[in-house]
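Below, each chain spelled out in residue letters.
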Amino acid sequence: MEHKINFEYTARYHTLGEISEKTKQLWFVCHGHGQLAKYFIRKFEVLNDGETLIVAPEGLSRYYLEGFTGRVGATWMTKEDRQADIDNYLTYLTSVFNSVKAQLNSKVKINLLGFSQGAATISRLATQTDVEFDKLLLWAGIFPPDLPPLESVERLSNKKLYWVYGTEDPYLSTGVMEEQEALANRLKIKPTVKTFVGGHELSDTVLLEIAKEP
């Protein structure tokens, strides 16, 4: 017989940039499957202009990428006890977000970005919690199909939404593209689509472009 228990848990996150009176933007970014926050956050160095704070939480499950030693990666969830993983990371992400947000002034613009597997993660944070945000970016990933429709429509209706991907991304097949379009229609939203020449990766040019948009 399966049982569950609640207990205190310690988790880490990484930041780039400093909190000050000059801070104008917060980027809250979730990595993809098999990545670690301390390396993922380096990809946002282009935004580190003295007026931007980047916060990168990390998936709560870490594992060896190959065999039993060597490089380590993290994941947000698997199919095993899936809902518990989702509930746990939403609690964790909300705690990190609220802790950081409390240190910022109320005029700071908030951008939520999820890369690859992190796109589903950040989508759930945006639609299934009460975190405040101005822009939601799904980068090389799509909305998860199980978002609650009514709550999601309400939460996303007045936000700036982006879908960003490289034109040579091997993970974004025609089927995935069609699924994203169907999900967007279901949620009654029309994300701004931005593409760049490249694969399953981030683009400095597009990051700066979106950061400068009001």
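Presented here is an overview of the structure given in this document. (Residues numbered from 1 in each chain as written. Predicted model: local features only at pLDDT ≥ 70, side-chain atom pairs only at ≥ 80, totals over all residues. Heavy atoms only, no water.)

## Details of the overall build of the chain
A tally of regular secondary structure across the chain gives 6 helices and 9 strands. Taking 214 residues into account, the globule formula puts the C-alpha radius of gyration at 17 Å, and the chain, at 17 Å, falls close to it. Judged by the C-alpha coordinates and their principal axes, the chain covers about 55 × 40 × 40 Å. The buried share of the chain, taken over its 214 residues, is 47%. Residue pairs in contact within the chain that sit at least 24 positions apart in sequence constitute 74% of those at least 6 positions apart. Summed over all atoms, the accessible surface of the chain reaches about 11,900 Å², with 50% contributed by carbon and sulfur. (Helix = DSSP H or I, 4+ residues; strand = E, 2+ residues; numbered from the N terminus. Rg over C-alpha atoms; globule rule 2.2 N^0.38 Å. Buried < 20%, exposed > 50% of the residue type's maximum accessible area, 1.4 Å probe, protein only. Contact = heavy atoms within 4.5 Å. Areas by Shrake-Rupley, 256 points an atom, 1.4 Å probe, with all protein chains shown as cover.)

## Things to note about the side chain of Thr 127
Mapping Thr 127 onto the fold places it in helix 3 (residues 117-128). On the basis of relative accessible area, Thr 127 is assigned to the buried category, the value being 4%. One polar contact links the side chain of Thr 127 to the main-chain carbonyl oxygen of Ser 123, over a distance of 2.8 Å. (Polar contact = N/O pair within 3.5 Å; in protein donor to acceptor, adjacent residues only side chain to side chain.)

## Observations concerning the packing of helix 3 against helix 4 (residues 149-156)
Between two packed helices, both the angle of their axes relative to each other and the distance between the axes serve to describe the pair. As a packed pair, helix 3 and helix 4 sit with axes 8 Å apart at the nearest point and diverge in direction by 85°. With respect to each other, helix 3 and helix 4 are oriented roughly perpendicular. Residues Leu 125, Ala 126 and Thr 127 of helix 3 form the contact with helix 4, whose participating residues are Glu 151, Ser 152, Arg 155 and Leu 156. Taken together, the residues of the contact of helix 3 with helix 4 sort by class into 3 nonpolar, 2 polar and 2 charged. (Axes fitted to C-alpha atoms, helices over the stretch in contact; angles between N-to-C directions. Parallel < 35°, antiparallel > 145°, perpendicular 65-115°, else oblique. Nonpolar A, V, L, I, M, F, W, Y, C, P; charged D, E, K, R; others polar.)

## Points about a nonpolar patch on the surface
Together, Ile 5, Phe 7 and Tyr 9 make up an exposed nonpolar region whose accessible area comes to about 420 Å². Here Tyr 9 lies in the segment before strand 1 (13-16). (Patch = residues over 30% accessible without salt bridge, like charges linked within 9 Å, V, L, I, M, F, W, Y side chains within 5 Å. Salt bridge = Lys/Arg side-chain N within 4 Å of Asp/Glu carboxyl O.)

## Concerning the nonpolar core
Residues Leu 26, Phe 28, Leu 112, Leu 136 and Phe 143 are the most contacted members of the largest nonpolar core, which totals 40 residues. Counting residues per element, this core draws most heavily on helix 2 (residues 82-101), at 8 residues. The residues contacting Leu 136, other than those within four sequence positions of it, are Leu 112, Ile 122, Ala 126, Phe 143, Leu 156, Lys 160, Leu 161 and Tyr 162. Ranked by size, the runner-up nonpolar core spans 23 residues in total, among them Leu 16, Phe 44, Ile 54 and Ala 211. (Core = buried A, V, L, I, M, F, W, Y, C linked by side-chain atoms within 4.5 Å.)

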